[in-house]
Amino acid sequence: MAGKLSLEKSETLYEEALDLIPGAILGIRRPYNFVPGEYPIFFESAQGGRVTDVDGNEYIDMLCAYGPIIIGHREEEIDRVVIDQMTNKGFCFSLTQPMQNELARKMCALIPSAEMCLFVKTGSDATTTAVRIARGYTGRMKVARCGYHGWHDWCVEVKGGIPKKLYEDVHEFHYNELDELEDLMKQYGDDMAAVIVTPVGHPLAEKVQDPKPGFLEGVKALAEKYGAVLVFDEIRSGFRFSLGGAQKVYGVTPDLSVFGKAMANGYPISAVVGKKEVMSVAADRVFISSTFFPNSLEQVAALKTIEILERDRVLEKVREKGEAFCQRVEAIVAESGVAAEFSGAPLLPFITFPKEKDSRYKTLRAEFYTQLIRQGVFLQPYHHGYIAYRHTDEDLDFAAGAIQEALHGLKGLA
Ligand SMILES: Cc1ncc(COP(=O)(O)O)c(C=O)c1O
């Protein structure tokens, strides 16, 4: 079994940060989301499919910054257009720069639901904008939601600091449970502005779920029946499942959809796209504006990222890598004899430990992910991983071998 990593610098920086920043680190990057004491807390640099922490430990980065890294870290061709824009033109102006139109045209050409497009910065910006557009379009208030849609008031999971009236019109249903949505629509359908759903199910710390046959079609039919705007939250699946998103793979076209994360290989940009009729309310009835929304560095980065994705057939190759990796890991998990489950093939690989009454599954999970990080594979115990184009066959072989060894190490505990 691999020995404990040296993490002194990470831990010193963390101690320092505790005095400077509430909780030292924001949100999902806090140590308790990993295995405290075993995972690094600060990264120093990254290249391709690998990342190095402040203590000099190198890892195969299979969390990919929680999704944005689709090609690889420090992708020169993309960084070059950003630097060029910065050096030769500038990027933060009182008016918009023209590449906005080019990027919007590209999005409309690629994404089945896209007739119009607007750009914001984060996934949360985009889901909130989509909900506002849906409310503006329908003149209704209620929202049916399914999945994580970000940190804004209407949908954040932790309700501290948020008046109840800001989320009391938002009703949750579970992924793949069409009956639950049907019940919500029977009860509130006449006041339902939007149904927002991730096309793939990825609840935190639970197995990744593909849509059951008919689920997405059923969601669309219910939204249509009650006159609600159907929104696909493609923040994770966009520019990863296909150039047209998961909607293209599954053949179900929503009214609106939101994209972010992978669309610019790490640069902060997101988009709301959709039917002209619905999107048009953002021309007058609904206000969407922010100082940084039109900044162009991330727009040129998105254009270059999409160009590379198309030109080099990146997403097909990521899928092939993911298929080979996931087939292998699935077999390793099945043969291990450990109570572990594998899901998310081929693009969102995740090893989970089914919940039991006692807390043994938590011990197995902590020990498994401890053994992985010690061997140099960066995955998250509560969140699925990702495959990047720059992961080499050797990287993925190494990761699969590390998973096998980590599971083997659990046998004494199981
Ligand atoms: C499906 C989905 N929607 C929305 C968001 C929010 O995006 P952001 O963190 O960029 O605000 C996320 C972030 O993980 C996400 O996975």
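Treat the numbers as computed from the prediction; the structure is a model and nothing was measured.

What counts and what doesn't
- Residues numbered from 1 in each chain as written.
- Predicted model: local features only at pLDDT ≥ 70, side-chain atom pairs only at ≥ 80, totals over all residues.
- Heavy atoms only, no water.
- Pairing = 2+ DSSP bridges.
- Helix = DSSP H or I, 4+ residues; strand = E, 2+ residues; numbered from the N terminus.
- Axes fitted to C-alpha atoms, helices over the stretch in contact; angles between N-to-C directions.
- Patch = residues over 30% accessible without salt bridge, like charges linked within 9 Å, V, L, I, M, F, W, Y side chains within 5 Å.
- Areas by Shrake-Rupley, 256 points an atom, 1.4 Å probe, with all protein chains shown as cover.
- Salt bridge = Lys/Arg side-chain N within 4 Å of Asp/Glu carboxyl O.
- Buried < 20%, exposed > 50% of the residue type's maximum accessible area, 1.4 Å probe, protein only.
- Lys, Arg positive; Asp, Glu negative; His and termini not counted.
- Charge placed at Lys NZ, Arg CZ, Asp CG, Glu CD.
- Near = heavy atom within 4 Å.
- Polar contact = N/O pair within 3.5 Å; in protein donor to acceptor, adjacent residues only side chain to side chain.
- Nonpolar A, V, L, I, M, F, W, Y, C, P; charged D, E, K, R; others polar.
- pLDDT = per-residue confidence, 0-100.
- Phe/Tyr/Trp six-rings, centres within 6.5 Å; stacked < 30°, edge-to-face > 60°.
- Lys NZ or Arg CZ within 6 Å of the ring centre and 35° of its normal.

1. Considerations on the sheet that holds strand E8 (residues 229–233)
Next up, step 1: Read across the sheet, seven strands follow the order E4-E10-E9-E8-E7-E5-E6 without closing on themselves; strand pairing throughout is mixed. In the strand order of this sheet, the two ends are held by strand E4 (116–120) and strand E6 (170–172), each with one partner. The average undirected angle you get between the axes of adjacent strands in this sheet is 20 degrees.
Next up, step 2: Examined bridge by bridge, strand E7 (residues 192–197) and E8 share four bridges and lie parallel to one another. Across the sheet, the residue bridging to Ala194 is Val229, located in E8.

2. Description of a nonpolar patch on the surface
Next up, step 1: Taken together, the side chains of Leu20, Ile21 and Leu26 define a hydrophobic patch exposed on the protein surface, amounting to about 330 Å² of accessible area.
Next up, step 2: Tracing the sequence through the fold places Ile21 in the loop between helix H1 (8–20) and strand E1 (43–47).
Next up, step 3: What makes Ile21 partly exposed here is its relative accessible area of 36%.

3. Thoughts on a negative patch on the surface
Next up, step 1: A contiguous patch of negative charge on the surface is contributed by Glu8, Glu11, Glu15 and Asp19.
Next up, step 2: Looking at the element boundaries, Asp19 is found in helix H1.
Next up, step 3: A relative accessible area of 74% places Asp19 in the exposed class.

4. Details of the site of the ligand
Next up, step 1: Taken together, Thr122, Gly123, Ser124, Tyr148, His149, Gly150, Thr198, His202, Asp233, Ile235, Arg236 and Lys261 make up the full set of residues adjacent to the ligand.
Next up, step 2: Within the backbone of Gly123, a nitrogen or oxygen atom sits 2.9 Å from an oxygen atom of the ligand.
Next up, step 3: Between the ligand and Lys261 there is a distance of 2.8 Å, counted from an oxygen atom to a side-chain nitrogen or oxygen.
Next up, step 4: A class-by-class count of the residues in the shell around the ligand yields two nonpolar, seven polar and three charged.

5. Details of the confidence of the model for the chain
Parts of the prediction with low pLDDT should not have their coordinates interpreted in detail.
Next up, step 1: The pLDDT averaged across the chain works out to 97; a share of 100% of its residues lies at or above 70.
Next up, step 2: Within the chain, the lowest mean pLDDT, 96, falls on helix H11 (residues 360–375), and the highest, 99, falls on E8.

6. Points about the packing of aromatic side chains
Next up, step 1: A complete count under the given rule lists 10 aromatic pairs for this structure.
Next up, step 2: Grouped by ring-pair contacts, the aromatic residues Phe34, Tyr39, Phe43, Tyr59 and Phe378 constitute a single cluster.
Next up, step 3: Geometry around Tyr188 places Lys142 over its ring, the cationic atom sitting 4.6 Å from the centre.
Next up, step 4: Its guanidinium or amino end placed over the ring of Tyr167, Lys159 lies 4.6 Å from that ring's centre, counting from NZ or CZ.

7. Brief notes about the pattern of salt bridges
Next up, step 1: Enumeration over the complete set of coordinates arrives at 18 salt bridges.
Next up, step 2: The salt bridge involving Arg80 is made with Glu76; its shortest N-O contact spans 3.7 Å. Of this pair, Arg80 and Glu76 both sit in helix H2 (residues 76–88), separated by four residues, roughly a single helical turn.
Next up, step 3: Connected through salt bridges with shared partners, the residues Glu77, Lys304, Glu307, Arg311 and Asp312 form a single ionic network.

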